[in-house]
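These are the residues of each chain, in order.
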Amino acid sequence: MSGKSDVKLPRSEIIDFRFGRELRRLRLKRGFTLGDLAELVHYSKGHLSKIENGRALPTAPLARACDAILSADGRLTALAVTDKRPDAPADTAPDSPWALRLNPDGSGVVEVGQSPGPPVTLIPAMAGFSADPVPGLAAVFDEIRRLGRTASPGIVLPMVATQTHMATAAARHSSQKYRPRILHHAARTAEYTGWMAQECGDDRGAAWWTEHAVALATAAGYSTMRDYALVRKGVLSLYKSDSSTAIGSTEQVLRDSAISPRIRWLAALGAAQGYAIGSDQANAMRALARATELWEHADRTGADDHLGPSSLDGRSTLIEAWCHYDLGNLEAAAALFDEGMALTTGQSDRDRARFGTRHALVYAALGDAGRAGELIEGLLDLIRAVDSATIHSDLHDFARTIRRFPHHPVLPRIEPALRDTLARR
C-alpha cells in the first residue's frame, strides 16, 4: 500500500487537524471502517488512523481520493490545503541549545531553543537501500576518525554517536544480504564512541558504549569486537588505578590462543601496565616480553579492522617506558621515552600530547626540571586543542611534580600557559 510520502509528525507533536476530524466524521456517516476506506483509497489502515488522530498530514492525492469516495464535495480537498504544520519559530537566538531526538526507525526531530512550537526539522523514517551502504558509511567514519586525531573529543563524540544510531537503524531496514555488514560497521563506530566518551572524562559512558559495541558485534557474528572489548575494559580500569580488573580482563584475552595476535598484543601491553601500577615488576616484565613476542606475529594487514590505536610504531616502547615509571624505575623510563618518541611515525596529535606529557613527567620526577619544562612547553597548545581528560590527568601530575622546584627558572616561563591549560578542563 501507499502513503509513504505523507509528512509524519513526532509522537510528542499531536495536533488535532480539521482534516482528520472531518475524515472520521464522513467515514462513520457512510458506515465505513478504517479497513473499508483503506481498501478503497489504497492507503494502509494504520496510515489513515494516524491522519484521523493528527499524527500525519494528508497529501493532495489522498485528500482527492477520500473526497470522491465519501462524496465530500471538495471539503476534504480544501481542508488538506489549509492543514499545514506550523512554521518553526524564527526568533530563536543564535546561541540557543539544539536537541536531536532519534527513534529506532531512523526518524527524529531537530529542535532549537526552548520554544514550545514545532521542531525546526523533521527527519523521516529510514527507507531501504539500492546498494550496499557500508562503503559510504565507512568513508564518513574514516573522516571522523581522522578528525579525532587532531580535534577535541567534544567535537567528534556527537558525530560518531549519531552515526552509530543511524547505522543501527539502517541495519533494521536492510535485507539479510547487507545487515551483518552494517551491524559490523555499527559495532566499530560504537567502540570508537566509547573511546571518545572516555577522552571526554565520561568513564560510565565509555563502558556503556563498549558494551553496546559488543552487542552489535555479536548480532553481526563479529567475535573480534568481543575480545577487544575486554582489552578496553582493562584500559578503562588503568585510569582508575584498578590493577586487579585491568589484569583480569587482559589476561583472559592473553590465555585464548584463538584470539588474533594483534588483539593479544594490545592485551599484553594492558596487562603489563596493570601489573606495574600494582608494583609487580616480575609479572610486568613478563607481560612486556609476551607483547614483544606477539608483535612479531601480529597481523598488520588490517584483519582486525584496525581496532585500537591507529599509530603503532614505537607504542610498545612507550608503554614499556610508562610501566617503568609506575614501577619507580625513572632512569629506565626516561631512556625508553627518549627512544620511543624518536621512533614514532604518523603519530596522531592526541598520542603526541599523551606520550609527550608522560615524557615530560618522567623528567620532572627525575628532578630535571629544565628538560621537563622544555618538553612540556611545546605541547601545551596541542594539549589544549585535543582536550583529553586522560591527558589532563597526566598533566595535573606533571604540574604537581614540576612545582616542587619553585626556584627553577623554567617554572615562571611555563607556569602561565600551564595554569591556563589545566583550567580548560
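Note that residues are indexed from 1 along each chain, following the sequence as it is written. Restriction of local features to residues with pLDDT of at least 70 applies here, the model being predicted, together with a cutoff of 80 or more for giving and counting side-chain atom pairs; totals for whole chains, interfaces and linings are based on all residues. Note that the side-chain values use all heavy atoms of the structure and ignore hydrogens as well as water.

Helix and strand labels come from DSSP, where a helix needs a run of H or I of at least four residues and a strand needs a run of E of at least two; each type is numbered from the N terminus. Here His185 shows up in helix H8 (residues 179–199). Look at His185 and you get buried, because its relative accessible area is 4%. Identification of polar contacts relies on pairs of N or O atoms within 3.5 Å, with a donor-acceptor requirement for protein atoms, meaning one able to donate a hydrogen and the other able to accept it, and with residues adjacent in sequence counted only if both atoms are side-chain atoms. Reaching out from His185, the side chain makes a polar contact with the side chain of Gln163 at a distance of 3.0 Å. A contact between two residues is defined here by any heavy atoms of the two lying within 4.5 Å. Other than its neighbours up to four places away in sequence, His185 contacts Leu137, Ala138, Phe141, Gln163 and Ala167. The buried label applies to any residue whose accessible area, calculated with a 1.4 Å probe on protein chains only, is under 20% of its type's maximum; exposed applies above 50%, and partly exposed to all values in between.

Structurally, the α-helix is built with 3.6 residues per turn, so residues lying three or four positions apart point the same way. Here the expected length of a helix is defined as 1.5 Å per residue gap, with one fewer gap than residues. For helix H12 (residues 261–277), built from 17 residues, the straight-helix expectation of 24 Å at 1.5 Å per residue is met to within 8% by its first-to-last C-alpha distance of 24 Å. Most of H12 is tucked away: 15 of the 17 residues are buried. Remark: Ser279 follows H12 within two positions and exhibits a positive phi of approximately 60°.

Residues Leu147, Ile155 and Met159 make up a contiguous nonpolar surface patch of roughly 230 Å² in combined accessible area. Mapped onto the elements of the fold, Ile155 is located in helix H7 (residues 153–172). Residues qualify for a patch when their relative accessible area is over 30% and they have no salt bridge, like charges being joined within 9 Å and the nonpolar side chains of Val, Leu, Ile, Met, Phe, Trp and Tyr within 5 Å. For accessible areas, the Shrake-Rupley method is used with a probe of radius 1.4 Å. Any residue's cover is judged against the shown protein chains and nothing else. What counts as a salt bridge is simple: a side-chain nitrogen of Lys or Arg found within 4 Å of a carboxyl oxygen of Asp or Glu.

Two strands make a pair as long as DSSP finds a minimum of two bridges between them. Where strand S1 (residues 98–102) meets strand S2 (residues 108–112), five bridges bridge the pair, whose relative direction is antiparallel. When the sheet's bridge partners are listed, Leu102 is paired in S2 with Gly108.

Our next topic: the confidence of the model for the protein. pLDDT is defined as a per-residue confidence score from the predictor, taking values between 0 and 100. Looking at the protein as a whole, the pLDDT averages 87, with 88% of positions reaching at least 70. In this model, residues 1–16 is a region of pLDDT below 50 whose contacts with residues beyond four sequence positions or in other chains number 43 contacts.

The next thing to look at is the pattern of salt bridges. The full count for this structure, using the stated rule, is 23 salt bridges. Linking Glu251 and Arg286 is a salt bridge whose minimum nitrogen-to-oxygen distance equals 2.8 Å. On the criterion of sequence distance, the pair formed by Glu251 in helix H11 (residues 243–254) and Arg286 in helix H13 (residues 281–297) is long-range, its members being 35 residues apart. Among the residues examined, Arg286 registers a relative accessible area of 39% and is labelled partly exposed. The network of salt bridges with common partners includes Glu22, Arg25 and Arg75.

With that out of the way, let us pick up the nonpolar core. To define a nonpolar core, start from buried Ala, Val, Leu, Ile, Met, Phe, Trp, Tyr and Cys residues and group those joined through side-chain atoms within 4.5 Å. In terms of nonpolar packing, the biggest core is built from 83 residues, with Ile376, Ile383, Leu395, Phe398, Ile402 and Leu418 touching the most fellow members. In terms of residues, this core owes the most to one element, H12, which gives 10 residues. With 20 residues, the next largest nonpolar core counts Phe32, Leu34, Tyr43 and Cys66 among its residues.

All right, on to the packing of helix H10 (residues 223–238) against H11 then. Their axes nearest at 8 Å, the elements H10 and H11 cross at an angle of 160°. By the angle between their axes, H10 is roughly antiparallel relative to H11. Note on packing geometry: the crossing formed by H10 with H11 is left-handed. Residues Asp227, Leu230, Val231, Lys233, Gly234, Ser237 and Leu238 of H10 lie in contact with H11, whose contacting residues are Thr245, Ala246, Ser249, Thr250, Gln252 and Val253. An axis is simply a line fitted to the C-alpha atoms; with a helix, the fit covers only the stretch in contact. Between two such axes, the angle follows the N-to-C directions and lies from 0 to 180 degrees. For this classification, under 35 degrees means roughly parallel, over 145 means roughly antiparallel, 65 to 115 means roughly perpendicular, and everything else is oblique. With the far helix as reference, a near helix turned anticlockwise by less than a right angle produces a left-handed crossing, and one turned clockwise produces a right-handed crossing.

All right, on to the pairing of S2 then. For a regular strand, the rule is simple: side chains alternate between the two faces of the sheet. Burial runs high along S2: four of the five residues are buried. What sits between the antiparallel neighbours S1 and S2 is a turn of five residues, in which Gly106 has the positive phi angle 95°. As judged from the three bridges shared by S2 and strand S3 (residues 121–123), these two strands associate in the antiparallel manner. Residue Val110 lies in a different strand from S3, and its bridge partner there is Thr121.

It is worth spelling out helix H6 (residues 134–148) at this point. For H6, built from 15 residues, the straight-helix expectation of 21 Å at 1.5 Å per residue is met to within 8% by its first-to-last C-alpha distance of 20 Å. Along H6, the positions that sit buried rather than exposed are Val134, Phe141, Ile144, Arg145 and Gly148. Buried positions in H6, seen along its axis, are confined to an arc of 100° and lie on one side of it. At its buried positions, H6 is contacted by H7, H8 and helix H16 (349–366). By definition, the arc is the one covered by directions from the helix axis to the C-beta atoms.

Further remarks concern the environment of Arg18. Among the structural elements, Arg18 can be located in helix H1 (residues 18–30). Distance from Arg18 to Ala80, taken between C-alpha atoms, is 8.6 Å for residues 62 residues apart in sequence.

Attention now moves to unusual backbone geometry. One non-glycine residue, Ser241, adopts positive backbone phi at about 55°. Looking at the element boundaries, Ser241 is found in the loop between H10 and H11. A relative accessible area of 59% means that Ser241 is categorised as exposed. Phi at Asp387 is positive, roughly 50°, even though this residue is not glycine. Looking at where Asp387 falls in the secondary structure, it is placed in the loop between helix H18 (380–386) and helix H19 (389–402).

Here we take up the packing of aromatic side chains. Only Phe, Tyr and Trp rings are paired, with Trp represented by its six-membered ring, and only when their centres lie within 6.5 Å; those with planes under 30 degrees apart are stacked, over 60 edge-to-face, the remainder tilted. Under the counting rule described, the total for this entry stands at six aromatic pairs. When the ring of Trp265 is compared with that of Trp295, the centres are 4.6 Å apart and the planes differ by 40°; the resulting orientation is tilted. Here Trp265, found in helix H12, pairs with Trp295, found in helix H13; they are 30 residues apart in sequence, far enough to count as distant. Measuring from ring centre to ring centre gives 4.6 Å for Trp322 and Tyr325, while their planes differ by 15°; the resulting arrangement is stacked.

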